[in-house]
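Secondary and tertiary structure notes
For reference, the chains in residue letters:
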Amino acid sequence: MHFKNKVIWITGASSGIGAELAMQLAVQKAKLILTARSKEALIKVQQKCLEHTDFCNIVIADLSNEYEAEDSVDKAIKQFNCIDVVFLNAGLTQRSLGFETETKVYRKLMDINFFAAVVITQRLFPFFKEQGSGHIVAISSIAGLMGYPYRSGYAASKHALQGYFETLQTEDAVSGLRYTIVSPGRINTAISASALTKDGSPHLQNDVGQLNGIPVQKCVKKILKAVENNKKHIIIARGEYWLWVIKLIVPSLFYRIANKKGMIN
Ligand SMILES: NC(=O)c1ccc[n+]([C@@H]2O[C@H](COP(=O)([O-])OP(=O)(O)OC[C@H]3O[C@@H](n4cnc5c(N)ncnc54)[C@H](OP(=O)(O)O)[C@@H]3O)[C@@H](O)[C@H]2O)c1
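About the thresholds
- Residues numbered from 1 in each chain as written.
- Predicted model: local features only at pLDDT ≥ 70, side-chain atom pairs only at ≥ 80, totals over all residues.
- Heavy atoms only, no water.
- Pairing = 2+ DSSP bridges.
- Helix = DSSP H or I, 4+ residues; strand = E, 2+ residues; numbered from the N terminus.
- Axes fitted to C-alpha atoms, helices over the stretch in contact; angles between N-to-C directions.
- Expected span 1.5 Å × (residues − 1).
- Buried < 20%, exposed > 50% of the residue type's maximum accessible area, 1.4 Å probe, protein only.
- Contact = heavy atoms within 4.5 Å.
- Polar contact = N/O pair within 3.5 Å; in protein donor to acceptor, adjacent residues only side chain to side chain.
- Core = buried A, V, L, I, M, F, W, Y, C linked by side-chain atoms within 4.5 Å.
- Salt bridge = Lys/Arg side-chain N within 4 Å of Asp/Glu carboxyl O.
- Near = heavy atom within 4 Å.
- Areas by Shrake-Rupley, 256 points an atom, 1.4 Å probe, with all protein chains shown as cover.
- Nonpolar A, V, L, I, M, F, W, Y, C, P; charged D, E, K, R; others polar.

Time to look at the sheet that holds strand E3 (residues 56–60). The strand order E3-E2-E1-E4-E5-E6-E9 describes an open sheet built from seven strands, whose pairing is parallel. This sheet does not close on itself; its edge strands, each paired only once, are E3 and strand E9 (233–236). With strand direction ignored, the average angle separating the axes of adjacent strands in the sheet is 15°. Inspection of the sheet shows strand E1 (residues 7–11) paired to strand E2 (residues 31–36) by five bridges, in the parallel sense.

Between the first and last C-alpha of helix H5 (residues 152–171) there are 29 Å, a value that for 20 residues agrees with the 28 Å anticipated at 1.5 Å per step. Among the residues making up H5, those that are buried are Gly153, Tyr154, Ala155, Ser157, Lys158, Leu161, Gln162, Tyr164, Phe165, Leu168 and Gln169. In this fold, the buried residues of H5 make contact with strand E4 (85–88), helix H4 (103–131), strand E5 (134–139), strand E6 (177–184) and E9.

This part covers the side chain of Gln94. Considering the arrangement of structural elements, one finds Gln94 in the loop between E4 and H4. Residue Gln94 is classed as buried on the basis of its relative accessible area, which comes to 0%. Side chain to side chain, Gln94 and Ser96 meet in a polar contact 3.1 Å long. Polar side-chain contacts of Gln94 include one of 3.1 Å to the backbone nitrogen of Ser152.

Mapping Tyr67 onto the fold places it in helix H3 (residues 66–80). A relative accessible area of 67% means that Tyr67 is categorised as exposed. Put simply, Tyr67 and Gln24 are 43 residues apart on the chain and 30 Å apart in space, counted from C-alpha to C-alpha.

Moving on to the nonpolar core. By size, the foremost hydrophobic cluster in this structure holds 41 residues, and its most contacted members are Trp9, Ile83, Leu124 and Phe165. If one sorts the elements of this core by residue count, H4 sits on top with 13 residues. When neighbours within four sequence positions are excluded, Trp9 is seen to be in contact with Ile33, Thr35, Ser72, Val73, Ala76, Ile83, Val85, Val86, Phe87, Ile120 and Leu124. Counting 34 residues, the second-largest nonpolar core is a separate cluster that includes Leu21, Leu32, Val216 and Cys219.

What follows concerns the environment of Gln46. Examined against the element boundaries, Gln46 turns out to sit in helix H2 (residues 39–49). Expressed as a C-alpha distance, the spacing of Gln46 and Val227, which sit 181 residues apart in the sequence, is 22 Å. Discounting residues that sit within four places of it in the chain, Gln46 has contacts with Leu34, Cys56, Asn57 and Ile58. A distance of 2.8 Å separates a polar atom in the side chain of Gln46 from the backbone oxygen of Cys56.

Turning our eyes to something else, we now look at the pattern of salt bridges. Taken as a whole and assessed by the stated rule, the structure comprises six salt bridges. Of the charged contacts in the structure, one is a salt bridge between Arg123 and Asp74, with a shortest N-O distance of 2.7 Å. Here the residue Arg123 occupies a position in helix H4, and Asp74 occupies one in helix H3, the gap between them amounting to 49 residues. Several salt bridges converge on common partners, so that one network encompasses Glu70, Asp74 and Arg123.

Let us now look at the site of the ligand. Close contacts around the ligand come from 29 residues, with Arg37, Ser38, Tyr154, Thr189 and Gln210 the closest. At a separation of 2.7 Å, an oxygen atom of the ligand approaches a polar side-chain atom of Ser14. Contact between the ligand and Thr189: an oxygen atom at 2.6 Å from a side-chain N or O atom of the residue. Relative to its unbound accessible area of 880 Å², the ligand is 93% covered by the protein chains. Of all the secondary-structure elements, those providing two or more residues to the shell around the ligand are helix H1 (16–27) and H5. Of the residues in the shell around the ligand, the class split is twelve nonpolar, 13 polar and four charged.

Shown next as structure tokens:
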């Protein structure tokens with residue numbers, strides 16, 4: 001029960017990994033703050049969490065909007081006047097070839113996957129400095145470590161996220177503040193349904209690769225273990241992990257495998 005009574009803020013808590021983080025942390029009797037755009041879905045997660053923990057509040061925000069993201073930080077702090085751990089998990093993926101993807105789609109992906117995390121982190125720094133402790137968990141992706149077909153904007157945004165947090169880790173400038181970067185491969189959530197296509201419209205399909213991904217419960221258990229053990233970086237993946245290893249040691253082979261159709265979905 002490492003997280004008992006810890007105050008934990010989860011962004012993107014209305015579904016998938018974020019909702020499962022909320023559930024597993026509620027079982028550990030953490031004090032939760034849940035954020036996303038859809039109030040109805042968040043309330044459902046909140047109600048389930050309240051069956052296990054006495055504290056679970058929600059803060060609704062569109063985090064791709066800078067002002068709402070900053071405001072959500074202030075609101076999250078006000079809930080318990082403390083934040084021990086923040087999971088920067090809200091995100092959006094993509095399904096379109098890079099060469100035909102409109103610029104506005106790249107901006108949208110950067111806004112939620114990169115800038116939202118940066119805005120929240122920068123706003124939290126003074127608070128964590130005063131508190132003397134804190135743990136930021138950035139949910140990146142294996143696509144933050146290598147290119148991935150049909151995800152040019154997604155991979156770019158996650159590479160940016162990886163670079164930002166890895167640099168903060170090297171600077172280690174705020175005493176007591178810890179960072180964990182999580183790079184999952186395909187996890188079985190509904191993320192592909194909301195994926196942006198070339199013109200920004202949603203993909204609306206649960207891709208086979210996604211459905212055959214690592215069960216979300218297993219993924220979240222590994223994330224929580226990594227946070228508990230203060231790991232700097234963790235990869236949670238199956239075949240994608242080996243693809244990344246191949247990229248490091250035999251780059252030419254990486255491009256050949258990544259090109260195969262099976263990688264797309
Ligand atoms: N599933 C995978 O295979 C996989 C692999 C690698 C990395 N990841 C990363 O894991 C994280 C969670 O993904 P998931 O698989 O759990 O997907 P998901 O079920 O689609 O969850 C995404 C969450 O982000 C929230 N969100 C999206 N846009 C938002 C915005 N503008 N403002 C506030 N919240 C927003 C969504 O809530 P609302 O729509 O209610 O706002 C939802 O709660 C993402 O960062 C994703 O990139 C997932």
